[in-house]
Amino acid sequence: MYLPQHFEETRPEVLHAVMAAHPLASLVTVQNGLPCLDEIPFLLSAGDAGPIRLQAHVARANPLWQRAANTPVLVVFRGPQAYISPSWYAAKAEHGKVVPTWNYVLVQARGILRVVDDADWLRAQVQALTRSREDSRAAPWQVSDAPADYVAQMLRAIVGIEVTVEALTGKWKVSQNRNEADRTGVALGLRQEPGDQTAEMAEWVSKQLL
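Residues numbered from 1 in each chain as written. Predicted model: local features only at pLDDT ≥ 70, side-chain atom pairs only at ≥ 80, totals over all residues. Heavy atoms only, no water.

So, about the overall build of the chain. Looking only at helices and strands, the chain features seven helices and eight strands. Considering only C-alpha atoms, the chain reaches an extent of 65 × 45 × 30 Å along its principal axes. A buried classification covers 42% of the 210 residues belonging to the chain. Taking the intrachain contacts of the chain between residues at least 6 apart in sequence as the baseline, contacts between residues at least 24 apart amount to 74%. Total accessible area on the chain is roughly 11800 Å²; 52% of this is exposed by carbon and sulfur atoms. Counting 20 positive and 22 negative side-chain charges, the chain places the centres of these two groups 5 Å from one another. (Helix = DSSP H or I, 4+ residues; strand = E, 2+ residues; numbered from the N terminus. Buried < 20%, exposed > 50% of the residue type's maximum accessible area, 1.4 Å probe, protein only. Contact = heavy atoms within 4.5 Å. Areas by Shrake-Rupley, 256 points an atom, 1.4 Å probe, with all protein chains shown as cover. Lys, Arg positive; Asp, Glu negative; His and termini not counted. Charge placed at Lys NZ, Arg CZ, Asp CG, Glu CD.)

Structure, rendered in structure tokens:
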């Protein structure tokens, strides 16, 4: 990945926070010499000791878990992204030498994928994933809300995967290469745009002003 130094993010707590907030990631594997991509929600397991692990599950019918077992993989987490209009830059009024661009937040994790075909592990993984999305709701759904025999049937239809992370790379393209006046204009412009992603991107750009 092309990564200018001013766009590099290395703080583990910042990288982990984006991975947790945006768990649906692109898992890149290789089959017959060609890249394959699957969209999968991952949970981050990062204790005080030991390596970072990304845990997920896939359908047993998905050949991914067989072709990618014990191979190097790439997992890409995408945070907020937004189009940046040159009309937001103070420099437009000063000299007009501005062009559009795109801001985005990205985390890449590289590691070895292993397969976990264990009912207890799968139940715990599904429960943890469910809690991560449901606990903030007024009436959260729990795995135990479904009939036990149905849950057992569903668990038999999936296989666990776990990526032991060997390298974690963050790219935060959030207008760091612009001066303060331009960044202020970008943040204001984004706040006037619809959508949660533009609002989140506005916050990241604003942090560069502190």
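Having put the structure on the table, let's press on.
Let us look at the packing of aromatic side chains. Working definition: an aromatic ring pair is given by the centre-to-centre distance plus the angle between the planes. What the rule picks out here adds up to three aromatic pairs. For the ring pair Phe 42 and Phe 77, a centre distance of 6.4 Å and an interplane angle of 65 degrees mean the geometry is edge-to-face. Of the two residues, Phe 42 is situated in the loop between strand 3 (34–41) and strand 4 (43–45) and Phe 77 in strand 6 (residues 71–84); the sequence distance between them amounts to 35 residues. The residues Phe 42 and Phe 77 share a single accessibility class, namely buried. Considering the side-chain rings of Trp 172 and Trp 204, the 5.6 Å spacing of their centres and the 80 degrees angle between planes classify their relative orientation as edge-to-face. A residue pair is termed long-range when its members are at least 10 positions apart, and Trp 172 in strand 8 (residues 158–173) and Trp 204 in helix 7 (residues 196–207) qualify at 32 residues. What makes Trp 172 buried here is its relative accessible area of 2%. Of the residues examined, Trp 204 reaches a relative accessible area of 12% and is grouped as buried. The ring of Tyr 89 has Arg 178 lying over it, and the distance from NZ or CZ to the ring centre is 4.0 Å. Seen from the ring of Trp 204, Lys 207 lies directly overhead, with NZ or CZ sitting 4.0 Å from the centre. (Phe/Tyr/Trp six-rings, centres within 6.5 Å; stacked < 30°, edge-to-face > 60°. Lys NZ or Arg CZ within 6 Å of the ring centre and 35° of its normal.)

A few words now on the packing of helix 6 (residues 180–191) against helix 7. Two elements in contact, helix 6 and helix 7, have axes whose closest approach is 8 Å; the angle formed by their N-to-C orientations is 160 degrees. One element, helix 6, and the other, helix 7, form an angle in the roughly antiparallel class. Every pair of crossing elements has a handedness; the one defined by helix 6 and helix 7 is left-handed. On helix 7, the residues touching Arg 183, Val 186, Ala 187, Leu 190 and Arg 191 of helix 6 are Thr 198, Met 201, Ala 202, Glu 203, Val 205 and Ser 206. Taken together, the residues that form the contact of helix 6 with helix 7 break down as six nonpolar, two polar and three charged. (Axes fitted to C-alpha atoms, helices over the stretch in contact; angles between N-to-C directions. Parallel < 35°, antiparallel > 145°, perpendicular 65-115°, else oblique. Left-handed = near helix turned anticlockwise from the far one by under 90°. Nonpolar A, V, L, I, M, F, W, Y, C, P; charged D, E, K, R; others polar.)

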